[in-house]
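Examination of the molecular architecture
Residues per chain, in single letters:
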Amino acid sequence: MSKDVRPSWDNPMQFVLACVSYAVGLGNVWRFPYLCQMHGGGGFLIPYLLMLLLEGIPLFCMELAIGQKMRLGSIGAWSSISPYLSGLGVASVITSLYLCLYYNVINAWSFWYLFHSFQSVLPWAECPVNSNRTGFVEECAVASPTQFFFYRETLNISSSMEESGGGLHMGQALCLVLAWVIVYLFIVRGVKSTGVVVYFTATFPYVVLFIYLIRGVTLHGAWNGVKYMFTPKLEQLANPQTWINAATQIFFSLGLGFGSLIAFSSYNHHHNDFEKQAIAVSLINSGTSIFASVVTFAIYGFKATFNYESCLERNRLLLLNTFDLSEGTISVENVTAWISQLNSTHPDIFSTITDKIQDCSLEAELDTAVEGTGLAFIVYSEAIKNMPVPQLWSVLYFLMLLLLGMGSMLGNVTAIITPLADIKILSRTLSDETINGLVCLLCLLLGLGFTSPSGNYWFTIFNEYAATLSLLFIVFIEVISVCYVYGLKRFEKDIEDMLGHRPHWYLKLMWALVSPLLLLCLFIFYIINYIQGGAPTYQAWDKHMGKSVVKEYPVYGQVFIALLLASSLSCVPIAALYAFCRRKTRSAVREEHSNTNTAE
């Protein structure tokens, strides 16, 4: 596509909102709070914000600069820098394709929960009755209503990866079709339609988060959670894993390496001030993570306090019934003291209920760390069902998840369709609408496998392996290529041509030295982690025990993981080798022609 007819954003605000909508996603809501909980509460903000300065802002700015200068998608942009780097763009497109396949499945789950929220009693609030109507369904009774609804009603999950029978979950398959239809409508006309949609997808989640913040802090026990978050455990700063997780969270949260930022910025005008926009979007993204954590920990506090007081109440009733005491004798506030007293005064009677007395601890409840789908669809659902008017809060919450997911999908799909639209053969024979539709249809057909009984285990493989090591490798090669292949001096001049001034020395230092070293360390860490971890494992749902158990992936699962990693990592060396061989062939042909002419 020639640069003079390339479409562009209507105004800079559309571009900023598109970047915000893409970068601010589900990870801000379910990954960052988990890391805070695991690594010292407020103390985790120290390495997190430091990594934002050392790698987040510089690399974000670099990708925007490349896209705006080249005005091409990832494949075209890197091929323009050097023919040997075309594989870098291909690797980004493949990684984005893998992400699209499973990421929209989460949106399908959000649709499923959203549709089930319009009921007088939320279906995950209580267990269903068994077929004999003599009690609850056994699986739900040994687990919990929220776990049963997620694993059985939503996923209809098998007990292991090997059990693949049962066909597709039709409800989930239809939700996935709906999710892809909406994605297609959002991107059907490229940036012209995306630029309108982002006004809603980038702003509405903040409205819901603000409403949840007001509601959350007014819930009983919410401040226990907020206080837990902001109480720093500075000893965690001595843990190397804390710094590694801070660096990876910044890296993945900003969406670096997928080619989405290059694609978005390729639709900018030549003199657009991407530098300020990169800083603004990076700060908004990190600010949102902290804001969402306050909301999440308020909900955590409410849920933990509810569980803690329910535990105390069960102990209270047990003591009252066992020792035949009057109702007002023991309260929730003094039940712990009564346990000690009755144990010392009536040891014989107390010994009969020792195994039934529960160990109730608010701190233990708050320490229970959950991330990912477990936090979004189980922990939050359990908290919502205990709120007044739970249907309202359920609709708001899953609508927010849906918009966060859809906003990120805009960037993920754009990273695929922009390089395809830049291919002249395709753009001349097919319209943009057709190319976009074919991409969405392909992703839908491939993604239907995730709605099978064993689909969640394949979802886990893609989530853990498709876009981790490969992204670190891609961005490491990107920054090395810009600084030492294209040339940092030349890159500076390009930025000066676009902005009217050269980049700050801080950015140049990060690009040339600090960021590559950080990325190399992270890459090595991940490889060592994979090697030392032994055979890869996954969490399988045991319906008889009502909980997840650890199992090793079967051989074919491990082979698939290796192929998944190799498919994106190998693009760079294979494309470079192809370019080298092609250049050699052309040189040989030219030399042959030259010798022929000389002989004549």
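Above this text sits the structure in question.
Numbers given to residues run from 1 along each chain, matching the order in which its sequence is written. Local features are withheld for residues below a pLDDT of 70 in this predicted model, meaning they are given only at 70 or higher, and side-chain atom pairs are given and counted only at 80 or more; totals for whole chains, interfaces and linings count all residues. Hydrogen atoms and water are omitted, and side-chain values are computed over all heavy atoms in the structure.

1. Things to note about the overall build of the chain
What counts as a helix is a DSSP run of H or I of at least four residues, what counts as a strand is a run of E of at least two, and both are numbered from the N terminus. A tally of regular secondary structure across the chain gives 27 helices and 2 strands. Radius of gyration (C-alpha) of the chain: 27 Å, near the 25 Å computed for a compact globule of 600 residues. By its C-alpha atoms, the chain is 115 × 50 × 45 Å across when sized along the principal axes. With 600 residues in all, the chain has 55% of them scored as buried. Residue contacts are defined here by distance: any two heavy atoms, one from each residue, within 4.5 Å place the two residues in contact. Once local pairs closer than 6 in sequence are excluded, the contacts in the chain between residues at least 24 apart make up 82%. Accessible surface for the chain amounts to roughly 25,600 Å². Of this, 64% is attributable to carbon and sulfur atoms. Asp and Glu are treated as the negative residues and Lys and Arg as the positive ones, with His and the ends of the chain left uncounted. One atom stands in for each charge, and that atom is NZ of Lys, CZ of Arg, CG of Asp or CD of Glu. Here the chain carries 33 positive and 40 negative side-chain charges, and the mean point of each set is 11 Å from the other. Using C-alpha atoms as the atom set, the radius of gyration is obtained and then compared with a globule rule of 2.2 Å times the number of residues to the power 0.38. Buried means the residue's accessible area, taken with a 1.4 Å probe over protein chains only, is under 20% of the maximum for its type, while exposed means over 50%, and partly exposed covers the values in between. Working definition of accessibility: Shrake-Rupley area with a 1.4 Å probe, residue cover restricted to the visible protein chains.

2. Observations regarding helix 16 (residues 335-345)
Those residues of helix 16 that fall on the buried side of the exposure criterion are Val335, Trp338, Ile339 and Leu342. What you see down the axis of helix 16 is that its buried residues fit within an arc of 105°, all on one side. Tucked inside the fold, the buried residues of helix 16 contact helix 15 (274-323) and helix 17 (347-351). Our arc is simply the arc of the directions from the helix axis toward the C-beta atoms.

3. Quick notes on unusual backbone geometry
The backbone phi angle of arginine 71 is positive, close to 55°, even though this residue is not glycine. Topologically, arginine 71 is positioned in the loop between helix 4 (45-70) and helix 5 (74-81). Given a relative accessible area of 14%, arginine 71 falls into the buried group. Its identity as a non-glycine residue notwithstanding, arginine 133 has a phi of 60°, on the positive side.

4. Side note on the pairing of strand 2 (residues 547-552)
Relative to strand 2, strand 1 (residues 537-542) is paired through 6 bridges, and the arrangement is antiparallel. Bridge pairing in strand 2 links threonine 537 to glutamate 552. The antiparallel hairpin formed by strand 1 and strand 2 contains 4 residues in its connecting segment, where glycine 546 sits at a positive phi of about 70°. For two strands to be treated as a pair, DSSP must find at least two bridges joining them.

5. Topic: the state of the cysteines
In this description, the term disulfide denotes a pair of cysteine sulfurs within 2.5 Å. Within this structure, the stated rule accounts for 2 disulfides. Note that cysteine 127 is cross-linked by a disulfide to cysteine 140, the S-S spacing being 1.9 Å. Across the S-S bond linking cysteine 127 and cysteine 140, the dihedral sits near -85°, which makes this disulfide left-handed. Of this pair, cysteine 127 sits in the loop between helix 6 (86-115) and helix 7 (138-142) while cysteine 140 sits in helix 7, and the two are 13 residues apart along the sequence. Accessibility assignment for this pair places cysteine 127 and cysteine 140 in one class, buried. Here cysteine 311 engages in a disulfide with cysteine 360; their sulfurs sit 1.9 Å apart. Disulfide cysteine 311-cysteine 360: the torsion about the S-S bond is -80°, which places it as left-handed. Residue cysteine 311 is located in helix 15, and its partner cysteine 360 is located in the loop between helix 17 and helix 18 (362-367); the two are separated by 49 residues in the primary sequence.

6. Notes on helix 15
Its 50 residues give helix 15 an end-to-end C-alpha distance of 72 Å, which sits within 8% of 74 Å, the value for a rise of 1.5 Å per residue. Residue aspartate 324 follows helix 15 closely and has a positive phi angle near 50°. In a helix, the anticipated span is given by 1.5 Å times the number of residues less one.

7. Considerations on the nonpolar core
Grouped together as the largest cluster of nonpolar side chains are 178 residues, with contacts concentrated most on Trp180, Tyr212, Phe377 and Trp511. Sort the elements by how many residues they give to this core and helix 6 lands first, with 17 residues. Grouping buried Ala, Val, Leu, Ile, Met, Phe, Trp, Tyr and Cys residues that are joined through side-chain atoms within 4.5 Å yields what is termed a nonpolar core.

8. Some words on the environment of leucine 26
In this fold, leucine 26 is placed in helix 2 (residues 26-30). Once the C-alpha coordinates of leucine 26 and glycine 407 are considered, the two residues, 381 residues apart in sequence, prove to be 9.8 Å apart. Among all residues touching leucine 26, those that are not within four sequence positions of it are Arg31, Tyr103, Ile106, Leu401, Leu404 and Gly405.

9. Description of empty space enclosed by the protein
Buriedness of a pocket was judged along seven lines, with at least five required to meet protein on both sides within 12 Å; pockets are open sets of points on a 1 Å grid over the protein atoms alone, cavities are sets where a 1.4 Å probe fits but cannot get out, and lining residues have an atom within 4 Å of a point. Grid points are joined across faces, edges and corners, and a volume is the space filled by probe spheres set on the points. Inspection of the entire model under this criterion finds 4 cavities of 30 Å³ or more. Size it by volume and the largest cavity reaches roughly 70 Å³. For the lining of the largest cavity, the elements supplying multiple residues, two or more each, are helix 6 and helix 23 (455-466). Each residue is assigned to one class: nonpolar for Ala, Val, Leu, Ile, Met, Phe, Trp, Tyr, Cys and Pro, charged for Asp, Glu, Lys and Arg, and polar for all the others, Gly among them. Grouping the constituent residues of the lining of the largest cavity by class yields 6 nonpolar, 7 polar and no charged. Here the second largest cavity is characterised by a volume of approximately 40 Å³. Looking at the lining of the second largest cavity, the elements that each hand over two or more residues are helix 11 (204-217), helix 15 and helix 20 (390-422). Top contributing element to the lining of the second largest cavity by residue count: helix 15, with 3 residues. When grouped by side-chain class, the residues that make up the lining of the second largest cavity number 8 nonpolar, 1 polar and no charged.

10. Let's talk about the packing of aromatic side chains
For Phe, Tyr and Trp, rings pair up if their centres lie within 6.5 Å, where Trp contributes its six-membered ring, and each pair is then called stacked (planes under 30 degrees apart), edge-to-face (over 60) or tilted (otherwise). Under the definition given, this model contains 44 aromatic pairs. Ring geometry for tyrosine 113 and tryptophan 124: centres 5.0 Å apart, planes at 40°, overall tilted. Separated by 11 residues along the polypeptide, tyrosine 113 in helix 6 and tryptophan 124 in the loop between helix 6 and helix 7 bring together distant segments of the chain. Both residues of the pair, tyrosine 113 and tryptophan 124, belong to the buried class. Judged by centre distance (5.5 Å) and plane angle (70°), the ring pair of tyrosine 212 and tryptophan 393 falls under edge-to-face. Remark: tryptophan 393 occurs in helix 20 and tyrosine 212 occurs in helix 11; sequence separation between them is 181 residues. Take tyrosine 212 and tryptophan 393: they sit in the same class, and that class is buried.

11. With respect to the packing of helix 23 against helix 26 (residues 555-569)
Interaxial angles span 0 to 180 degrees and are taken between N-to-C directions of axes, which are lines fitted to C-alpha atoms, for helices over the stretch in contact. Put simply, helix 23 and helix 26 touch, their axes get as near as 10 Å, and they point 35° apart. With respect to the hand of their crossing, helix 23 and helix 26 are arranged in right-handed fashion. In this structure, helix 23 uses Trp458, Ile461, Phe462, Tyr465 and Ala466 to contact helix 26, whose residues at the interface are Tyr556, Gly557, Phe560, Ile561, Leu564 and Leu565. Partitioning the contact of helix 23 with helix 26 into residue classes produces 10 nonpolar, 1 polar and no charged. When the near helix sits turned anticlockwise from the far one by under a right angle, the crossing is termed left-handed; a clockwise turn instead gives a right-handed crossing.

12. Remarks on the pattern of salt bridges
A side chain of one charge can pair with a side chain of the opposite charge when the charged atoms of the two come close. Any Lys or Arg side-chain nitrogen found within 4 Å of a carboxyl oxygen on Asp or Glu counts as a salt bridge. Inspection of every chain in the model, using the stated rule, returns 9 salt bridges. Here aspartate 422 and arginine 6 are joined by a salt bridge, their closest N and O atoms 2.8 Å apart. Pair noted here: aspartate 422 is in helix 20 and arginine 6 is in the segment before helix 1 (12-23), with a separation of 416 residues, a long-range link. For the pair aspartate 422 and arginine 6, one class covers both residues: buried. Across the pair arginine 502 and glutamate 496 runs a salt bridge whose closest N-O atoms are separated by 3.1 Å. Look at the salt bridges and you will find they share partners, linking Glu492, Glu496, Arg502 and Lys508 into a network.

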